[in-house]
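Reading the structure
Residues per chain are reported as follows:
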Amino acid sequence: MEEHVSAYVAREQKKPLPPPPTEAGALAVLRKNLFATPLDSIVTILLGLFSVWAAWRIFDWSVLSAVFTGSSREACLAGDGAPVGACWAFVRAKFGLFTYGLYPVDERWRVDLTMLLLVAFTLPFAIPRVPFKGLNLFLLVGAFPLIALVLLTGGQFRIGGGWVAFMFILAAFVSTMLAAGNLNAPPGWLRVATWLAAIAVLVLIVSNILPSGQFRLLVFSFTTLSLVAFLLAVASIAVSAFASVSSSGKHASVLMHVLLPPLYVAALLVLLAGDLGLQPVPTSRWGGLLVTLVVALTGIAASLPLGILLALGRRSHLPAIRLLSVVFIEFWRGVPLITVLFMSAFMIPLLLPSGVSFNQLLRALLGVALFSAAYMAEVVRGGLQAVPKGQYEGAQALGLGYWQMMRLVVMPQAIKLVIPGIVNTFIGLFKDTSLVYIIGLADLLGAVRRGFSDPNWITPTTPASGLVFAGFVFWLFCFGMSRYSIFMERRLETGHKN
Amino acid sequence: MNSSIKALLGTAAVALVAVPASAATLDDVRDAGQLRCGVNTGLPGFASQNDQGEWQGLDVDYCKAIAAAIFEGDDSKVEYTPLSAVQRLPALQNSEIDVLARNTTWTMTRDTTLGLNFVGVNYYDGQGFMVREDLNVTSALQLSGATVCVQSGTTTELNLTDYFRANNMEYNPVVIESQSDVNAAYEQGRCDVLTTDASGLYATRLELANPDEHVILPEVISKEPLGPVVRQGDEQWFSIVKWVHFGLLNAEELGVTQDNVEEMMDSDNPSIRRLLGVDGTFGEDIGLENDWMVNVIEAVGNYGEIFERNVGPDTPLNIQRGMNALWTNGGLHYAPPIR
């Protein structure tokens, strides 16, 4: 049965009226948020006036009454009455110094090339769409540091035989471990390889204690014992290689795997000691943004892997490893970076035999890397603790070993959770690089400050202009890092928003 | 410390540079091919970097002069190590540098107990006070109760204490590590008085927003003889640096300048002939070439030229010769003769 509905009865809902003008639109927003009560209105007007005034002063200082050209302080001195704003002419004249420090002008293309390579390797790595991440990672982490080291320093280091032996012993241990990863490798041979490397360590230690004559081999100056240590390390690598080849069908690829560490070490030594036709530039001539980037990037690159290892160590069930990690982390977290740098400037020379000097930049790099590794370790540990226990148990139930469990199940979740913390540490580290000023290195801020004492540029506005410029450059880098981390977070959806 | 552990640490740390140590600094410098010279991180007129990044200044010219004397006129063979006030003496003691030319005040303690030797005075300075004009202070004796900004680790800090104690006055020190921060603190009004060496006061005043609003008080409360320093225990090196300094003073006294040094080689004046190595073997006696001073003067000029170029009336610093004139002009610079 059909229901009768009168014609005057509405069949559908009426469209709502537009909200009254006092409740919607820009005006309403303004009224609600800024002028809701008389007090609000007063505060709004006062703060508004202040903002306009401040913005105008800043604009006036940095653009209208600023000096953009000129070659000496005369340009930036107040004329009759009118005060002078920012002295950008100073920044312009010193721009080369702020960027490269005292790096020789004719060689600055090397710094440019290094920075260009860094961008070329980093950008595709940072953009998720770009393929070949594996090759990219190798170029960025494996090849780039070598290239940068040689390009920036120019190579031609005098390297002692002890160092050659030391590097090859390290390579021998890594090779042995890689060979042991192959389950078919005969354990007898591996034991021989390990023993050879261990004896090499002993011989190297003895060679440092016993004084003995030196002789040159290629460009390296060996003592007899350090040469023996070197040969033992090479023998150990050979045994590892033999062990892995004899047990596997795929000779070529397995051999490459095991021989990669010694080949890398050899390449490093050849590049460092060899003469590639580049003029050596001592690190004492580096400065400005170059030093800032070198210290910050080394710190960042070293602190993440070190920090992850330390975090794992601190949560390890092996008491010795846990204790060592705790001691390391608490020591470096408990000491101010400035103290570490002071110690490196004053204590290390006292411990060294007279005449042996320890590169200033290297001291800073070591200090900053170890320092930030300790902070990073705690950030990563926070992530590890946030991963539910079920994830660990699930991974173990699947039969994964410790490293597989960490690499495949736990770490991806943990790192994802603490991206803000990691980037926080990176940004803090980037800004802390200015402290290397303490030990006589001129980073960006140091270079700017040194510019203040050029009598050719002493004016009342020079310091402010230089500091604003330095602050802006720091802000650019830190803001860039911050935006990228937000992008990564959104991409990985870590917030448990749903 | 056990020598073997030292050796181990040493080898572990021969990171990039290893310099064999020996008593003869001159040989080390020649082997290294450069003079390692400690300078100020930045003091206008004494050590600063120009737009091209070249070091310049009165102390820097001393580094250049010594390098020119050793490397036959090549004044570019210097590795400058910028050092803060607290770093400078340890750096010299630890052989990180060969000579320190960093406006360092010659005091008895520093000369006798630290294993260092001062070679002479290349700038006679004295500590002064700068105050705001509107404080209406005309003498340092009116400064009782004032807040004073001063750099740490310097003789300035000690002189300040002595002066106020001697005159029975109270003061609040604001002690800051770097001179540029001291200046900033004064400008921001954190203290009423800025004290440092008079040469520094003039440079600082240029930096202030209104230089005319600040006055430098007439009192000079200390003797600050600034000079280059070397390590004790190498007499030959001590002699070289000392006589490069005396040579520069003698050159001014005898009128030998960068421009006329070639002509002066033909001079009949026996003092000039000895200075320039035409007569005698004075250069060889200290391990250099006989024309060592020719090389030095061609590179940097005589003392007067160094002074005029870096801090004199034609520079922004506009410092008068005053005490730093030669003794013949009423100043204090007096060098023993070369003979």
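Small disclaimer: the values here were computed from a predicted structure and weren't measured.

It is a general feature of regular strands that their side chains alternate between the two faces of the sheet. Residue and element names in this part refer to chain B. Of all five residues in strand β12 (residues 193-197), five are buried; the element is thus mostly enclosed. Pairing geometry for strand β9 (residues 127-132) and β12, over five bridges, is antiparallel. The residue bridging Gln-127 from the neighbouring strand is Asp-197, located in β12.

Reports of interface size often rely on the accessible area that becomes lost once the parts have come together. Residues and elements named next belong to chain B. Splitting chain B by domain gives domain 1 (3-124 + 226-329) and domain 2 (127-222). Summarising the inter-unit geometry, the C-alpha centres of domain 1 and domain 2 are found 30 Å apart. With 14 residues of domain 1 at the interface, the matching set in domain 2 holds eleven residues. Surface buried jointly by domain 1 and domain 2 totals about 910 Å² across both partners, of which 63% is contributed by carbon and sulfur atoms. In terms of surface lost to domain 2, no three residues of domain 1 exceed Ala-85, Val-86 and Leu-317, which account for 33% of the buried area on that side. Taken together, the connections running from domain 1 to domain 2 amount to zero salt bridges. On inspection of domain 1 and its partner domain 2, the count reaches one residue pair in polar contact (both at pLDDT 80 or more). Of the residues assigned to the side of domain 1 that touches domain 2, the class counts are nine nonpolar, three polar and two charged.

Right, let's get into the state of the cysteines. One way to say it: the disulfide is the covalent bond shared by the sulfur atoms of two cysteines. For the structure on display, the rule yields three disulfides over all chains. At a sulfur-sulfur separation of 1.9 Å, the disulfide partner of Cys-76 of chain A is Cys-87 of chain A. Here the S-S torsion is close to 75°, and the disulfide linking Cys-76 of chain A with Cys-87 of chain A is therefore right-handed. A residue pair is termed long-range when its members are at least 10 positions apart, and Cys-76 of chain A in the loop between α2 (38-64) and α3 (88-93) and Cys-87 of chain A in the loop between α2 and α3 qualify at eleven residues. With relative accessibility at 2%, the residue Cys-76 of chain A sits in the buried group. On the accessibility criterion, Cys-87 of chain A (0% relative accessible area) is buried. With a sulfur-sulfur separation of 1.9 Å, Cys-37 of chain B is cross-linked through a disulfide to Cys-63 of chain B. As the torsion about the S-S bond is roughly -65°, the Cys-37 of chain B-Cys-63 of chain B disulfide counts as left-handed. Taken as a pair, Cys-37 of chain B in strand β2 (residues 35-40) and Cys-63 of chain B in helix α3 (residues 58-70) lie far apart in primary sequence, 26 residues in all.

Before going further, it helps to spend a moment on unusual backbone geometry. All names here are of chain B. Residue Ser-95 is not a glycine yet carries a positive backbone phi of 60°. Here Ser-95 lies in the loop between α4 (88-93) and β6 (99-105). The backbone of Asn-103 shows a phi angle near 25°, a positive value even though the residue is not glycine. Mapped onto the elements of the fold, Asn-103 is located in strand β6. Residue classification places Asn-103 among the buried residues on the basis of a relative accessible area of 13%.

This part covers the packing of helix α15 (residues 389-397) of chain A against helix α16 (residues 402-417) of chain A. Residue and element names in this part refer to chain A. Packing of α15 against α16 leaves a shortest axis separation of 10 Å and a crossing angle of 160°. The orientation of α15 relative to α16 falls into the category roughly antiparallel. Here α15 and α16 pass one another in a crossing that is right-handed. Facing α15, whose interface residues are Gln-391, Tyr-392, Ala-395 and Gln-396, α16 presents Met-405, Met-406, Val-409, Val-410 and Gln-413.

Turning our attention to the confidence of the model for chain B. Mean pLDDT over chain B works out to 88, with 93% of the residues at or above the 70 mark. Low pLDDT, under 50, characterises residues 1-22 of chain B; the stretch is placed with 35 contacts to residues that sit more than four places away or in other chains.

Right, let's talk about the confidence of the model for chain A for a bit. Put simply, chain A has an average pLDDT of 85, and 93% of its residues get 70 or more. When the elements of chain A are averaged for pLDDT, strand β3 (residues 356-357) of chain A gives the smallest value, 59, and helix α12 (residues 319-334) of chain A the largest, 94.

Conventions adopted
- Residues numbered from 1 in each chain as written.
- Chains lettered and ligands numbered in written order.
- Predicted model: local features only at pLDDT ≥ 70, side-chain atom pairs only at ≥ 80, totals over all residues.
- Heavy atoms only, no water.
- Buried < 20%, exposed > 50% of the residue type's maximum accessible area, 1.4 Å probe, protein only.
- Helix = DSSP H or I, 4+ residues; strand = E, 2+ residues; numbered from the N terminus.
- Pairing = 2+ DSSP bridges.
- Domains from an automatic or database assignment.
- Contact = heavy atoms within 4.5 Å.
- Buried area = accessible area lost by both parts, 1.4 Å probe.
- Salt bridge = Lys/Arg side-chain N within 4 Å of Asp/Glu carboxyl O.
- Polar contact = N/O pair within 3.5 Å; in protein donor to acceptor, adjacent residues only side chain to side chain.
- Nonpolar A, V, L, I, M, F, W, Y, C, P; charged D, E, K, R; others polar.
- Disulfide = S-S within 2.5 Å.
- Axes fitted to C-alpha atoms, helices over the stretch in contact; angles between N-to-C directions.
- Parallel < 35°, antiparallel > 145°, perpendicular 65-115°, else oblique.
- Left-handed = near helix turned anticlockwise from the far one by under 90°.
- pLDDT = per-residue confidence, 0-100.

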